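# Tertiary structure, described
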Amino acid sequence: MQQIFPAPPPGHEVGADAGPALGRLYAYPEPGERPWLRANMVASADGAAAADGKSGSLSGAADRRVFSVLRSLADVILVGAGTARAERYRPVRPAEVWPQLRAGRAPTPPIAVLTRALDLDPGSGLLAAASGLARTIVLTTEAAAPDLVTAVSLRAEVIVAGQQVITAAAAIAALAGRGYRRILVEGGPGLLAQIIAGGMLDELCLTYSPVLAGGSAGRIVAAPRDHGTGPQASLPGRPGAGPGALTGLRLAHVLEDEGYLLCRYLRRDDNA
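Below you will find a few notes about this structure. Note that the coordinates shown come from a computational prediction; the quantities given were computed from them, not determined experimentally.

Let's shift gears to the overall build of the protein. Regarding its fold elements, the protein presents six helices and 10 strands. Out of the 272 residues in the protein, the part that is buried amounts to 46%.

Turning our eyes to something else, we now look at the pattern of salt bridges. For the coordinates displayed, the defined rule picks out eight salt bridges. Among the salt bridges present, the one from E186 reaches R71, with a minimum N-O distance of 2.9 Å. Here the residue E186 occupies a position in the loop between strand 7 (182-185) and helix 6 (189-197), and R71 occupies one in helix 2 (residues 61-73), the gap between them amounting to 115 residues. The pair E186 / R71 is uniform in exposure class, with both members buried. As a salt-bridge pair, R105 and D75 come within 2.7 Å of each other at their nearest N and O atoms. Taken together, the residues span a long stretch of sequence, with R105 in the loop between helix 3 (81-86) and strand 4 (111-114) and D75 in the loop between helix 2 and strand 3 (76-80) at a distance of 30 residues. Shared partners join several salt bridges into a network, and the residues in it are R38, E203 and R264.

Nonpolar side chains collect at one region of the surface, where I4, F5, Y208, L251 and L261 lie side by side and expose about 390 Å² of accessible area between them. Among the structural elements, I4 can be located in strand 1 (residues 2-5). What makes I4 partly exposed here is its relative accessible area of 44%.

Glancing now at helix 6. Buried within helix 6 we find L191, L192, A193, Q194, I195 and I196. Buried-residue contacts for helix 6 involve strand 2 (36-44), strand 3, strand 4, helix 5 (168-177) and strand 7. G199 sits one or two positions beyond helix 6 and adopts a positive phi of about 70 degrees.

Hydrogen bonds between backbone atoms are what pair the strands of a sheet, whose relative direction is either parallel or antiparallel. As summarised here, the arrangement of the 10 strands in space is 1-9-10-8-2-7-3-4-5-6, forming an open sheet in which the pairing is mixed. Lying at the two open borders of the sheet, with one neighbouring strand each, are strand 1 and strand 6 (157-160). Within this sheet the neighbouring strands show an average axis-to-axis angle of 25 degrees, counted without direction. Each of strand 2, strand 3, strand 4, strand 7, strand 8 (203-209), strand 9 (249-257) and strand 10 (260-267) is contacted by helix 2, which is oriented at about 165 degrees to strand 2, the strand it contacts most.

Pairing analysis gives four bridges linking strand 5 (residues 137-140) to strand 6, with the strands arranged parallel. Paired with L139 across the two strands is I159, which belongs to strand 6. Each parallel crossover has a hand, and for strand 5 linked through helix 4 (residues 146-153) to strand 6 it is right-handed.

Geometrically, the link from F5 to P6 is a cis peptide bond, its omega value of -20 degrees lying close to zero. Structurally, P6 is set in the loop between strand 1 and helix 1 (18-25). Omega for the peptide link from G187 to G188 comes to 5 degrees, which places this bond in the cis form. Counting through the fold element by element, G188 comes out in the loop between strand 7 and helix 6. Even without being glycine, R88 reaches a positive phi, approximately 55 degrees. Examined against the element boundaries, R88 turns out to sit in the loop between helix 3 and strand 4. The backbone phi angle of E258 is positive, close to 50 degrees, even though this residue is not glycine. You can see E258 is positioned in the loop between strand 9 and strand 10.

As a further point, take the environment of R102. Checked against the element boundaries, R102 lands in the loop between helix 3 and strand 4. Linking R102 and S72, residues 30 residues apart in sequence, is a C-alpha distance of 6.2 Å. When near neighbours in sequence (up to four residues on either side) are disregarded, R102 contacts R71, S72, A74, V97, P107, T108 and P109. In terms of polar contacts, R102 uses its side chain to reach the backbone carbonyl oxygen of A106, at 2.7 Å.

Given the relative accessible area of 7%, E186 is considered buried. Side-chain polar atoms of E186 contact the side chain of Y89, separated by 2.5 Å. Ignoring sequence-local partners within four residues, the contact set of E186 consists of N40, M41, F67, R71, I77, L78, T83 and Y89.

Quick notes on the rules
- Residues numbered from 1 in each chain as written.
- Predicted model: local features only at pLDDT ≥ 70, side-chain atom pairs only at ≥ 80, totals over all residues.
- Heavy atoms only, no water.
- Helix = DSSP H or I, 4+ residues; strand = E, 2+ residues; numbered from the N terminus.
- Buried < 20%, exposed > 50% of the residue type's maximum accessible area, 1.4 Å probe, protein only.
- Salt bridge = Lys/Arg side-chain N within 4 Å of Asp/Glu carboxyl O.
- Patch = residues over 30% accessible without salt bridge, like charges linked within 9 Å, V, L, I, M, F, W, Y side chains within 5 Å.
- Areas by Shrake-Rupley, 256 points an atom, 1.4 Å probe, with all protein chains shown as cover.
- Contact = heavy atoms within 4.5 Å.
- Pairing = 2+ DSSP bridges.
- Axes fitted to C-alpha atoms, helices over the stretch in contact; angles between N-to-C directions.
- Right-handed = clockwise from strand over helix to strand, strands pointing away.
- Polar contact = N/O pair within 3.5 Å; in protein donor to acceptor, adjacent residues only side chain to side chain.

In structure tokens:
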């Protein structure tokens, strides 16, 4: 793996011992008044967000290494229920992260799943976790069936953060209120669309896979849906936020490995 933009200063190249170097490249900024939202996604060279129905099919060794570093740096990993089911999510294991990047924190970050109706299998690997792993967080609504809430609560931390719908803003506010300030979003496209429309995305880590997927696979960001109105918790938006607005990004760095391009983008303040 090599850094091709910007040129790294002498002694800071990404070498065989990639963990510390990648930790520096992807370090979060100092905590501010609001949480920092980083999304990590992968796409084919022709823009597909999945192959064979899974984003993991587009991944490679370098992408998986960065994936591990980003998880190591995060306080919590936020994902939609559809992505959690399709990708067969499980709690993060200590062997999957870099311990030196988690100094002063729990050995692994928890997975937080956003689901309106709590349509998760209580016996799934994500909820039926082995002891010693970070307990999964389930963010849901008052519309979830009480028997499901009871069943899932035995295996995960359930947070009710909405009435009939749960917005990304409500989920993020609930996580931030529990001290999770460095939030890693791993999908899916619908959840990412909500975050972008609300002006909450600070950073996008996007890997371009050297394949042409073709077919009808969607993009990393879906068309925003109407999530209704109501007393949902919210966070302040940014100028230019909304379904019809462009979100300006600034390229922070590019890494290359065997044809994979690993790009890190930061939100542009002027949103141009």
